[in-house]
Amino acid sequence: MVRRLALVLAALMIAAPAHAQQQKLTLLLDWFVNPDHGPLFVAQERGYFNEAGLAVEMIAPSDPNDPPKLVAAGRADLAISYQPQLTIQAAEGLPLTRIATLVATPLNSLVTLRDGPIKSIADLKGKKIGFSVGGFEDALLKAMLEKHGLKLGDVTLININFALSPALLAGRVDAVIGAFRNFELNQLDIEGKPGRAFYVEEEGVPTYDELIVVANKARAGDPLFRRFVDAVERGTTWMINHPQEGFQLFIKGRKDLDNELNRRAWAATLPRFAHSPAALDRARYERFAEFLKAQGLIKQTAPVESYAIELR
Amino acid sequence: MPHPLIADPRAGAPPAVSVHAARLDYGGAALFDALDFTLPAGRWTCLLGPSGVGKTTLLRLIAGLEAPVGDTRIVAGDGQPLAGRIAWMGQQDLLLPWLSALDNALLGSRLRGDGDPDRERRGVAIELLIRVGLGGRLAARPSALSGGQRQRVALVRTLMEDRPVILMDEPFSGLDSITRWKLQDLAAELLAGRTVLLVTHDPREALRLGDTVHVMAGRPARLDQAWELGGPTPRPLDDPALLAREGELIRRLAAAAEA
Amino acid sequence: MKAVLRALLVFAGLCLLWQALVVTTGLPAYILPPPTRVFAALVGRADFLLSHALLTLAEIVLGMLSGVVLGVASALTLASVPTARRWLLPVLVVSQAIPVFALAPLLVLWLGYGMASKVAMATLIIYFPVTSAFYDGLRHSERGWLDLARVMGATGGRELLHVRVPAALPGLASGLRVAAVVAPIGAVIGEWVGASAGLGYIMLQANARMQIDVMFAALLVLGVMAVALYYGLDAALRRFIPWLPQSLPVSSKE
């Protein structure tokens, strides 16, 4: 599906009057293709990558933990990752650096069923909370619970892998953490059992970038990357100006993406894309690193420049 | 000398066994057809013939291991049903590898669900095993016994069945000469007086043990005229009459092979 | 004793090879950590790993027990009831053909996130090997023994119990050996799909937190458990089925 896109692009490039040779770039997505990747596909379809002299191949991974490792190992150029995970990975010594932000707000939320007994976080005492193993859910949850006078021990954490909505709908858990507010909430709506979301940044967790682009530190100065980020910026801008057409470009040639969930998610994600993907707010990254350290997920905070840069 | 607890065959009179119009097909052709054959009561009959002629199949037919086809009838001379009156000794000793020699000898009770053999029955089995020279190997598993020893256990097992009709399919063929002769003597002694059909490919064995000898030949197979041999069995190896007959028997077998 | 020493030597050799691999290929620690770091993690988190290991072990053992009971019962049914063959055999084949990780989420949804779903996974994964091995053994009993049993007057049930079942035990033993090696996979997949404890869960968690040395340490513990289970079972089988025909004389004397 995504590879077909790349092939189509390659064919187009051969057909088009030859410019300078297009430079290849492999971009590993964080998950299967979804509206969070809007700007990338719009940039692709509008030819912005092409105009920047780039041939971008986008690959969806089977294991979301792989992309950063592969970029760190030099097997791929770029990966979509998450600011919290990057902070932890950098602390473990992976030679990664953030070069752009894709989604500039958190998407993570604690979700329960709206018509269920849980009306506030305090009601979670003694209840079961489902999560996917992302590495730091318990830290998020701890902060959120503490804000409401609860401890982590007051709830039961159950790893439900990525089946968040089914577990909630089946009543196997009372709440889930790690649900993306633009995605899972719409999924629940469509199933006729709307959810009630508690947003992490409103409940004691410092705000952060949900989706970022990471590269190998050794190649941070590569001019290729600035051109890439500029193209993404163009894609974002166009999308915000032309939301409906943007969705059409997103599903162009990818029939399996044309569904109600994606349509709703598209609208929900639109306001959250970084308007200035290259821009970096140092203090924001520092603040979040301090939070992770206080939660015991990392031992030391490193200077932000060592794992996040603003490209020139 | 039969053991007092094993029925004296002469008292219970083992029956003659007659096979009438036997027919069996194999691979589309008739192995034998309209075959008539009688085992004289209380005597040893030996059956020889080239490989593949159908000797084992005939034996299995009589044992009830092959279903009779067409007009085939197998009847006992005294009119009683044959089922439950036959004991079987195969080419292999057929000892169960997970049972001791003693338990193998007592296999019949185990398989028929007669309950644990009582002390008397156990005693009989032990005595017979001692008699065949296995007194020190009662608890041994078959893997620890030689071929000859295993066949001796099989012989005791057959005897413990205490049945009037004994069917044997080349039981000593896998053994070396000396062991074979010893076992022939033992079998002749212990199974004396029962109706026995022994299938063998060894002419000398047939002449040593048989009161009657048949050669089976042809396709469809037929049995030749019964050759009555007189005198007590087992006949000694150096008996000149035996040696003379051997030549004659081998000639008959050769002729059968060409038939 | 000698067998244990030999196993340790092989293990040490593999570790040396592993170290050499890391050094020569220059693989980073977050992809393949060197054995030194893995052992450090093993020692440093010993009780943590142990408590989770015991849980996974319990899942494996229970899964094996229920899988074996189910398998033996199925094989006996197939061997004695002809109509069962028509209906049960396809079920058996399907149970093997479906990739277990496709079934895992269903099992977790039905049986919950506790031990039940993991035990069910392990049971499912060994059901076919055990049943098939035992059934084959029952089917292919020595013809001579069956003939003898028939002439002796044994009923079908007696023949099954006293001849065919004991004769099929070596076949069952091979099925059990396969099961011992494969059951851990079932338990771990079950944990991946939905669990908050156990070695599979540890591996997942450690991987997500980029603690690859801990992940490998858990993997190592799992491997050792599986090997120990195999050899333990093998020893028990040799004890209970001592008449197993051995074509290659092996360490039964040691």
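Note that the coordinates shown come from a computational prediction; the quantities given were computed from them, not determined experimentally. (Residues numbered from 1 in each chain as written. Chains lettered and ligands numbered in written order. Predicted model: local features only at pLDDT ≥ 70, side-chain atom pairs only at ≥ 80, totals over all residues.)

1. Digging into the overall build of chain B
Where we set the bar: A run of H or I in DSSP counts as a helix once it spans at least four residues, and a run of E counts as a strand once it spans at least two, with each numbered from the N terminus. Our radius of gyration looks at C-alpha atoms and nothing else; its globule reference is 2.2 Å times the residue count to the power 0.38. Throughout, a pair of residues is in contact if the C-beta atoms placed from their backbones lie within 7 Å.
Helices and strands together make up the secondary structure of chain B, namely nine helices and ten strands. On C-alpha atoms alone, chain B measures out to a radius of gyration of 18 Å, which is about the 18 Å that the 2.2 N^0.38 rule sets for 259 residues. If one aligns the C-alpha atoms of chain B with their principal axes, the spans along those axes are about 50 × 45 × 35 Å. Considering only intrachain contacts with a sequence separation of at least 6, the fraction spanning at least 24 residues in chain B is 75%.

2. Focus: the sheet that holds strand 4 (residues 73-76) of chain B
Within a sheet, neighbouring strands are paired by backbone hydrogen bonds and run either parallel or antiparallel to one another. Residues and elements named next belong to chain B. To keep things clear, this is the line we draw: Any two strands with at least two DSSP-identified bridges between them are counted as paired. Note on definitions: angles span 0 to 180 degrees between N-to-C directions of axes, and those axes are lines fitted to C-alpha atoms, for helices only across the stretch in contact.
A sheet is described by the order of its strands in space; here three strands give the open sequence 2-1-4, paired in antiparallel fashion. Pairing within the sheet leaves two strands with one partner each, and these edge strands are strand 2 (29-39) and strand 4. Going from strand to strand, the sheet's axes swing by 15 degrees on average, the running direction of each strand aside. Pairing between strand 1 (residues 17-26) and strand 2: seven bridges, direction antiparallel. Along strand 2, the bridge assignment pairs Leu24 with Phe32.

3. Description of the nonpolar core
Quick note on the threshold: Structurally, a nonpolar core is described as a collection of buried Ala, Val, Leu, Ile, Met, Phe, Trp, Tyr and Cys residues joined by way of C-beta atoms within 7 Å. Whether a residue is buried, exposed or partly exposed is read from the other C-beta atoms within 10 Å of its own C-beta, which are placed from the backbone; 20 or more gives buried, 12 or fewer gives exposed, and intermediate counts give partly exposed. Domain boundaries shown here were taken from an automatic or database domain assignment.
Counting 155 residues, the largest nonpolar core has Val176 and Val214 of chain A together with Ala218 of chain C as its most contacted members. Sorting elements by how many residues they give to this core places helix 6 (residues 115-139) of chain C first, with 15 residues. For this core, the domains that each give at least three residues are domain 1 (2-105 + 209-306) and domain 2 (108-202) of chain A. Setting aside residues up to four positions removed in sequence, Val214 of chain A forms contacts with Pro68, Val71, Leu78, Ala79, Ser81, Leu86, Leu96, Thr97, Arg98 and Ile99 of chain A. Judged by nonpolar contacts, the second largest core, of 74 residues, contains Val132, Met168, Val199 and Leu223 of chain B.

4. What to know about the packing of helix 7 (residues 143-152) of chain C against helix 8 (residues 156-193) of chain C
Residues and elements named next belong to chain C. Counted only if it meets this: Our angle categories are set so that under 35 degrees counts as roughly parallel, over 145 as roughly antiparallel, 65 to 115 as roughly perpendicular, and the remainder as oblique. Amino acids outside the nonpolar list (Ala, Val, Leu, Ile, Met, Phe, Trp, Tyr, Cys, Pro) and the charged list (Asp, Glu, Lys, Arg) are all regarded as polar, and Gly is one of them.
Contact pair helix 7 / helix 8: the axes reach a minimum separation of 11 Å and the direction vectors enclose 170 degrees. One element, helix 7, and the other, helix 8, form an angle in the roughly antiparallel class. Contacts between helix 7 and helix 8 pair Trp145, Leu146 and Ala149 from the former with Glu159, Val163 and Ala167 from the latter. Residue classes in the contact of helix 7 with helix 8 are distributed as five nonpolar, no polar and one charged.

5. Side note on the confidence of the model for chain B
Defined as follows: Each residue gets a pLDDT score, which is the predictor's confidence in that residue and runs from 0 to 100.
Per-chain confidence: chain B averages 86 in pLDDT, with 95% of residues scoring 70 or above. By mean pLDDT, helix 1 (residues 9-12) of chain B is the weakest element of chain B at 56, and helix 3 (residues 101-105) of chain B is the strongest at 95.

6. What about the pairing of strand 1 (residues 23-28) of chain A?
Residue and element names in this part refer to chain A. Looking at chain direction, strand 1 and strand 2 (residues 54-59) are connected through six bridges and run parallel. Within strand 2, the position partnered with Lys24 by the bridge is Ala55. Pairing between strand 1 and strand 3 (residues 78-81): two bridges, direction parallel. The partner of Leu28 across the bridge, within strand 3, is Ala79.

7. With respect to the pairing of strand 6 (residues 165-169) of chain B
Residues and elements named next belong to chain B. The buried fraction of strand 6 is high, at five of five residues. Burial along strand 6 is two-sided: Val165, Leu167 and Asp169 and Ile166 and Met168, pointing in opposite directions, are all buried. The pairing of strand 5 (residues 86-89) with strand 6 spans four bridges and is parallel. Looking at the pairing, Met89 lines up with Met168 of strand 6. Looking at chain direction, strand 6 and strand 7 (residues 195-199) are connected through five bridges and run parallel. Of the residues in strand 7, the one forming a bridge with Leu167 is Leu197.

8. Here's the deal with the confidence of the model for chain C
Residue and element names in this part refer to chain C. Predicted confidence across chain C gives a mean pLDDT of 88, with 96% of residues reaching 70 or more. Model confidence for chain C, summarised as mean pLDDT per element, is weakest for helix 5 (residues 100-111) at 82 and strongest for helix 3 (residues 46-80) at 94. Across residues 246-254, where pLDDT falls below 50, the model places five contacts with residues more than four positions away in sequence or in other chains. Reported confidences for the modelled complex are a pTM of 0.79 and an ipTM of 0.88.

9. Points about the interface of chain B and chain C
Of the residues lining the interface, 20 residues belong to chain B; the matching set on chain C comes to 15 residues. Those elements that place two or more of their residues in the side of chain B that touches chain C are strand 5 and helix 4 (107-112) of chain B. Among the elements that line the side of chain B that touches chain C, the one with the most residues is helix 4 of chain B, at four residues. Tallied by class, the residues present in the side of chain B that touches chain C amount to nine nonpolar, seven polar and four charged.

10. Describing helix 6 (residues 137-147) of chain A
All names here are of chain A. When helix 6 is considered as a whole, its buried residues turn out to be Glu137, Leu140, Leu141, Lys142, Met144 and Leu145. Here the buried face of helix 6 lies against strand 5 (108-113), strand 6 (128-131), strand 8 (175-180) and strand 9 (195-199). Just downstream of helix 6 lies Gly149, where phi reads positive at about 75 degrees.

11. Some thoughts on the domain arrangement of chain B
Residue and element names in this part refer to chain B. As far as domains go, chain B holds domain 1 (14-85 + 163-258) and domain 2 (95-162). Opposite the eleven residues of domain 1 that make contact, domain 2 presents ten residues. It is helix 7 (residues 177-190) that provides the largest number of residues to the side of domain 1 that touches domain 2, a total of five residues.

12. Notes on the interface of chain C and chain A
Each partner contributes to the interface: chain C provides 19 residues, whereas chain A provides 20 residues. Only helix 5, helix 8 and helix 9 (199-208) of chain C provide two or more residues apiece to the side of chain C that touches chain A. With five residues, the single largest contributor to the side of chain C that touches chain A is helix 9 of chain C. Across the side of chain C that touches chain A, the residue classes break down as 13 nonpolar, five polar and one charged.

13. What about the packing of helix 3 of chain C against helix 4 (residues 82-97) of chain C?
All names here are of chain C. Running from N to C, helix 3 and helix 4 cross one another at 140 degrees; their axes reach a closest spacing of 7 Å. Regarding the angle of helix 3 to helix 4, the classification is oblique. Residues Ser74, Thr77 and Leu78 of helix 3 form the contact with helix 4, whose own contacting residues are Ala84, Arg85, Leu88 and Leu89. Along the lines of polarity and charge, the residues of the contact of helix 3 with helix 4 split into four nonpolar, two polar and one charged.

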